[in-house]
Every structure is written in C-alpha cells, then in structure tokens.
Amino acid sequence: MVRACSRGMSWPRHGALVSDRLVRFPGSSWDEIEALPQPLRWAVQRTIFHLLDEPIPTLADPFPRDQPMLGAYELHLPADDVTIWNTVTVHDGQEVISIQHVSLDT
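These numbers were taken from a predicted model, which means no experiment stands behind them.

*Asks:* Outline the sheet that holds strand β4 (residues 82–91), listing residues and values.
*Replies:* By way of backbone hydrogen bonds, the strands of a sheet pair with one another, either parallel or antiparallel. Here we have 5 strands laid out as an open sheet, ordered β1-β5-β4-β3-β2, and mixed in their pairing. Looking along the sheet, the strands with just one partner apiece sit at the ends: β1 (22–24) and β2 (61–62). Here 2 bridges tie β2 to strand β3 (residues 72–77), and the two strands are oriented antiparallel to one another. By the bridge assignment for β3, Asp 61 is matched with Glu 74.

*Asks:* Hey, could you go over the nonpolar core for me, with residue numbers and the actual values?
*Replies:* If you look at the biggest cluster of nonpolar residues, it comprises 16 residues, and the most contacted ones within it are Val 44, Val 82, Ile 84, Ile 99 and Val 102. Taken together, the elements giving at least two residues each to this core come down to α2 (38–51), β3, β4 and β5 (94–104). It is α2 that contributes the most residues to this core, 4 residues altogether. In this structure Ile 99 touches Val 23, Arg 24, Phe 25, Pro 26, Ser 29, Ile 48, Leu 51, Ile 84, Trp 85 and Asn 86, once residues within four positions along its chain are discounted.

*Asks:* Lay out the packing of aromatic side chains in plain terms, naming residues and giving numbers.
*Replies:* Two aromatic rings, taken as a pair, are described by how far apart their centres are and by the angle between their planes. If you walk through the whole model with that rule in mind, you get 2 aromatic pairs. Geometrically, the ring pair formed by Phe 25 and Trp 30 is edge-to-face, given 4.9 Å between the ring centres and 75° between the ring planes. Phe 25 sits in the partly exposed class, given a relative accessible area of 29%. A residue is classified by how much of its surface remains accessible, and Trp 30, at 36% relative accessible area, is partly exposed. Taking 6.2 Å as the distance between ring centres and 65° as the angle between the ring planes, the aromatic pair formed by Phe 63 and Trp 85 counts as edge-to-face. Of the two residues, Phe 63 is situated in the loop between β2 and β3 and Trp 85 in strand β4; the sequence distance between them amounts to 22 residues. Look at Trp 85 and you get buried, because its relative accessible area is 16%.

*Asks:* Requested: an account of the pairing of β3, with residues and values cited.
*Replies:* Of all 6 residues making up β3, 5 are buried, and the element is well covered by its neighbours. Inspection of the sheet shows β3 paired to β4 by 6 bridges, in the antiparallel sense. If you follow Leu 77 over to β4, its bridge partner there is Val 82. Where β3 hands over to β4, the hairpin turn is made up of 4 residues, of which Asp 81 adopts a positive phi near 55°.

*Asks:* Talk me through the pattern of salt bridges; I want residue IDs and the actual numbers.
*Replies:* When their charged atoms lie close together, side chains carrying opposite charge are able to pair. Per the counting criterion, the structure on display carries 3 salt bridges. Across the salt bridge formed by Arg 21 and Glu 95, the nearest N and O atoms sit 2.4 Å from each other. In this pair, Arg 21 is assigned in the segment before β1 and Glu 95 in strand β5, connecting sequence segments 74 residues apart. Glu 95 gets classed as partly exposed once you look at its relative accessible area, which sits at 25%. Arg 65 is the partner of Glu 74 in a salt bridge, and the nearest nitrogen-oxygen pair spans 3.4 Å.

Scoring rules and cut-offs
- Residue positions are given per chain, counted from 1 along the sequence in the order it is written.
- Given that the model is predicted, a residue must reach a pLDDT of at least 70 before its local features are reported, and side-chain atom pairs must reach 80 or more before they are shown or counted; all residues, however, enter totals for whole chains, interfaces and linings.
- Side-chain measures here rest on the full set of heavy atoms in the structure, leaving out hydrogens and waters.
- In this analysis, strands are considered paired if DSSP registers two or more bridges between them.
- Put simply, DSSP H or I for four residues or longer makes a helix, DSSP E for two residues or longer makes a strand, and each gets a number counted from the N terminus.
- Nine residue types can take part in a nonpolar core, namely buried Ala, Val, Leu, Ile, Met, Phe, Trp, Tyr and Cys, and a core is a set of them joined through side-chain atoms within 4.5 Å.
- Here the term buried applies to any residue with accessible area under 20% of the maximum for its type, exposed to any over 50%, and partly exposed to those in between, with areas from a 1.4 Å probe on protein chains only.
- Contact criterion: two residues are considered in contact whenever any of their non-hydrogen atoms come within 4.5 Å of each other.
- What counts as a ring pair is set by centres within 6.5 Å for rings of Phe, Tyr and Trp (its six-membered ring), and what kind of pair is set by the plane angle: stacked under 30 degrees, edge-to-face over 60, tilted for all other angles.
- Take a side-chain nitrogen of Lys or Arg and a carboxyl oxygen of Asp or Glu: if they are within 4 Å of each other, that pair is a salt bridge.

Right, dumping it as structure tokens:
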C-alpha cells in the first residue's frame, strides 16, 4: 500500500535540525557517564544533548570559581545530584563542547 504525503505536514529540510557544534568526550569522561546508574546516565545524556542547542546554559557556573578559565563551566543537576564539567572552544569556526568530567555529588 502506498501512502500519499499529507500536504498539511511540513518536513524540515534535510540537515535542518543538525547542530553546527561538536561534542567530544576526552579521556575517561564517556566511561564516567557509562558507569552511572541508568536513570542518571539518561539525565546526563539528555543534558549533553541540550548543550548542542545551548552550549553555555544559564545555570552553568564558570570553573574554577576562584579563577575561572576561559570557556570552562560546571553544570550542577540538582534533581539528579550530578555535576558535569565542560569546556566550550572554537576550532576552525566550529564550536566544540568537550565533556571533561562527570561526577555524582556526594
């Protein structure tokens, strides 16, 4: 059975939803995420996905607090008791979000 496309439906252009930002997981940061219990892992992964839209969330604090490094942020997820440390840099005209460390708050 062939189904005709609905004229009322508007599909985005190919690639229209693709972010122009990259996310990197240097060192053991991906392993740190994978080691979290599944609900926390999903929360962290959702947050990282949202960093593609907003690489410097309004709730992120510059890091370290006493002498912040340019582009370094600490994002605390209070509902999940998890903190994500990331950097945002530009390389060849493209924003690169590097997840430096993920940790459970204790």
